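Below, each chain spelled out in residue letters.
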Amino acid sequence: MADKKTLTFALMDAPYENARSTTALRLINIAAKRGYDINVFAYEGAVFLPFAGQQAHPNPVHGHDAEQEDHPLPKEWVEAVIKEAAKNGGKVDWVNCGLCVDERGAGDAVEGVRRGTPGDFWNMAESSDNTLVIPTK
Amino acid sequence: MAQYLLIESRDPFDSNDVQNFYGLASGLAKEGNEVTLFLVQNGVLAARQNARFAALGAVASAGVEILADDFSLDERGIVTGGLASGVKAAPLDIVIDQLAQGRKAIWH
Amino acid sequence: MKALNIIETAYRGTLEEQDDTIVWLTHALKGAGADLDVLLRANAVNYAVKAQKVAPLSFGDRQQKHGPDIANDIAGLIAKGVGVYIVKDDLAERGISDDELIDGLSPVSRDGLAKLLDGYDHVWHW
């Protein structure tokens, strides 16, 4: 693909805390649909975005059981964008900051997520067409 | 001349620092750069034409293209016809377009 | 490739981490061979104040061994050849005078930021 691009994103927010993590995954989804190669460096709380232990729950306020509620799980969104990129000829290289994982006990991640270091982020940025840092506050 | 994409996710009602980011957008444009200011999340709350906050007009006058994420606008019930002068609704795809172009991208 | 790390948020998780996560990241990136500078702006200009002093915390019988030493961490970046810029207007707004600051900083005015950014391939606002 002549116009195939490689983009790197650095994320920092833990799930369910701020709209930034949702916007980040919306952006990654758009790039995945284009078949771009996508690098993600998840730093600090963002290592919980692909945490495999996330579980859907019922919502008594909505009057929904777990199936009716279909509660969003960021780990499923991460899995979905990885598949979407592959379907369109791209790939997602999702790197969780290893020390951030250790201090949070977030080691159980969905398939396709690997452990890494800040050096990976620099190497990703150097080999990309562009980089966007989405910080926490 | 360089190209910049500035993404503002905060609003001036909650954060004084937004004015500094608007100022950076204007400053970059006045230096001769091509600048897009993309409002997203609560950043779009400044984009209502009746908002008591006029700073976006000055940013537009400095030559900055101001776009507002259509999803964030819909989420907050801000209709396209009710946007402040100089602000246009746009899909989030624009961010990926401009990243792919290699614009220097700064998220605030 | 040259990058500018802009640090805005201050004292977020610094007591839990015993450092600032972006100052730490900058040290780690520099160690990995990165060519980058730092801009301290907004509340993060306070990171350059020499008089910061944090006693290690204790919770019940649990005594921490260290507290953060962020001014020294910033000085360490300068010693490694990382340019550390600091926004003069943000210092003035917070009533911080030059004699309170560590050595080796490069002051820049808010109006001068547009020119500063020109010198970098990537501008990462953390």
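Residues numbered from 1 in each chain as written. Chains lettered and ligands numbered in written order. Predicted model: local features only at pLDDT ≥ 70, side-chain atom pairs only at ≥ 80, totals over all residues. Heavy atoms only, no water.

*Asks:* Account for the nonpolar core, with residues named and values stated.
*Replies:* Nonpolar side chains in soluble globular proteins generally cluster together in the buried interior. Grouped together as the largest cluster of nonpolar side chains are 84 residues, with contacts concentrated most on Phe 9, Leu 11 and Trp 94 of chain A. Here this core gets seven residues from one element, more than from any other, and that element is helix 1 (residues 19-33) of chain A. Within the second largest apolar cluster, 40 residues are counted, among which are Val 18, Phe 21 and Val 44 of chain B together with Tyr 120 of chain C. (Core = buried A, V, L, I, M, F, W, Y, C linked by side-chain atoms within 4.5 Å. Buried < 20%, exposed > 50% of the residue type's maximum accessible area, 1.4 Å probe, protein only. Helix = DSSP H or I, 4+ residues; strand = E, 2+ residues; numbered from the N terminus.)

*Asks:* Could you give an account of the interface of chain B and chain A, naming the residues involved and the relevant values?
*Replies:* Between chain B and chain A, the contact holds 18 residues from the first and 21 residues from the second. On the chain B side of the contact with chain A, Leu 92, Ile 96 and Trp 107 of chain B bury the most area, a combined 40% of that side's loss. At the junction of chain B with chain A, the criterion picks out two salt bridges. Put simply, Asp 97 of chain B and Arg 34 of chain A hold a salt bridge, and the shortest N to O gap is 2.6 Å. Put simply, chain B and chain A have seven residue pairs in polar contact (both at pLDDT 80 or more) between them. Listed by contribution, the elements that provide at least two residues to the side of chain B that touches chain A are helix 4 (93-101) and strand 5 (104-107) of chain B. Of the residues forming the side of chain B that touches chain A, the biggest block, seven residues, is contributed by helix 4 of chain B. Grouping the amino acids of the side of chain B that touches chain A by side-chain chemistry returns ten nonpolar, three polar and five charged. (Contact = heavy atoms within 4.5 Å. Buried area = accessible area lost by both parts, 1.4 Å probe. Salt bridge = Lys/Arg side-chain N within 4 Å of Asp/Glu carboxyl O. Polar contact = N/O pair within 3.5 Å; in protein donor to acceptor, adjacent residues only side chain to side chain. Nonpolar A, V, L, I, M, F, W, Y, C, P; charged D, E, K, R; others polar.)

*Asks:* How would you explain unusual backbone geometry if you had to name every residue and give the values?
*Replies:* Residue and element names in this part refer to chain A. The phi dihedral of Tyr 16 is positive, around 70 degrees, even though this residue is not glycine. When you line up the elements, Tyr 16 lands in the loop between strand 1 (6-11) and helix 1. Its identity is not glycine, yet Glu 44 carries a phi of approximately 50 degrees, on the positive side. Inspection of the secondary structure assignment puts Glu 44 in the loop between strand 2 (37-42) and helix 2 (66-69). Residue class for Glu 44 comes out buried when judged on its relative accessible area of 8%.

*Asks:* Provide a residue-level description of the side chain of Glu 69 of chain A, including the pertinent values.
*Replies:* Residue and element names in this part refer to chain A. Inspection of the secondary structure assignment puts Glu 69 in helix 2. An unpaired buried charge is present at Glu 69: no salt bridge exists, and Lys 75, the closest side chain of opposite charge, is 16 Å distant. Of the polar contacts made by the side chain of Glu 69, one reaches the side chain of His 62; its length is 3.0 Å. Look past the residues within four positions of Glu 69 in its chain and what remains in contact with it is His 57, Asn 59, His 62 and His 64. (Lys, Arg positive; Asp, Glu negative; His and termini not counted.)

*Asks:* I'd love a proper account of the packing of helix 1 of chain A against helix 4 of chain B, names of residues and values included.
*Replies:* Where helix 1 of chain A contacts helix 4 of chain B, the axes come no closer than 9 Å and their chain directions differ by 65 degrees. Crossing hand, helix 1 of chain A versus helix 4 of chain B: right-handed. For the pair helix 1 of chain A and helix 4 of chain B, the contacting residues are Leu 27, Ile 30 and Ala 31 of chain A in the first and Asp 93, Val 95 and Ile 96 of chain B in the second. Among the residues forming the contact of helix 1 of chain A with helix 4 of chain B, the class breakdown is five nonpolar, no polar and one charged. (Axes fitted to C-alpha atoms, helices over the stretch in contact; angles between N-to-C directions. Left-handed = near helix turned anticlockwise from the far one by under 90°.)

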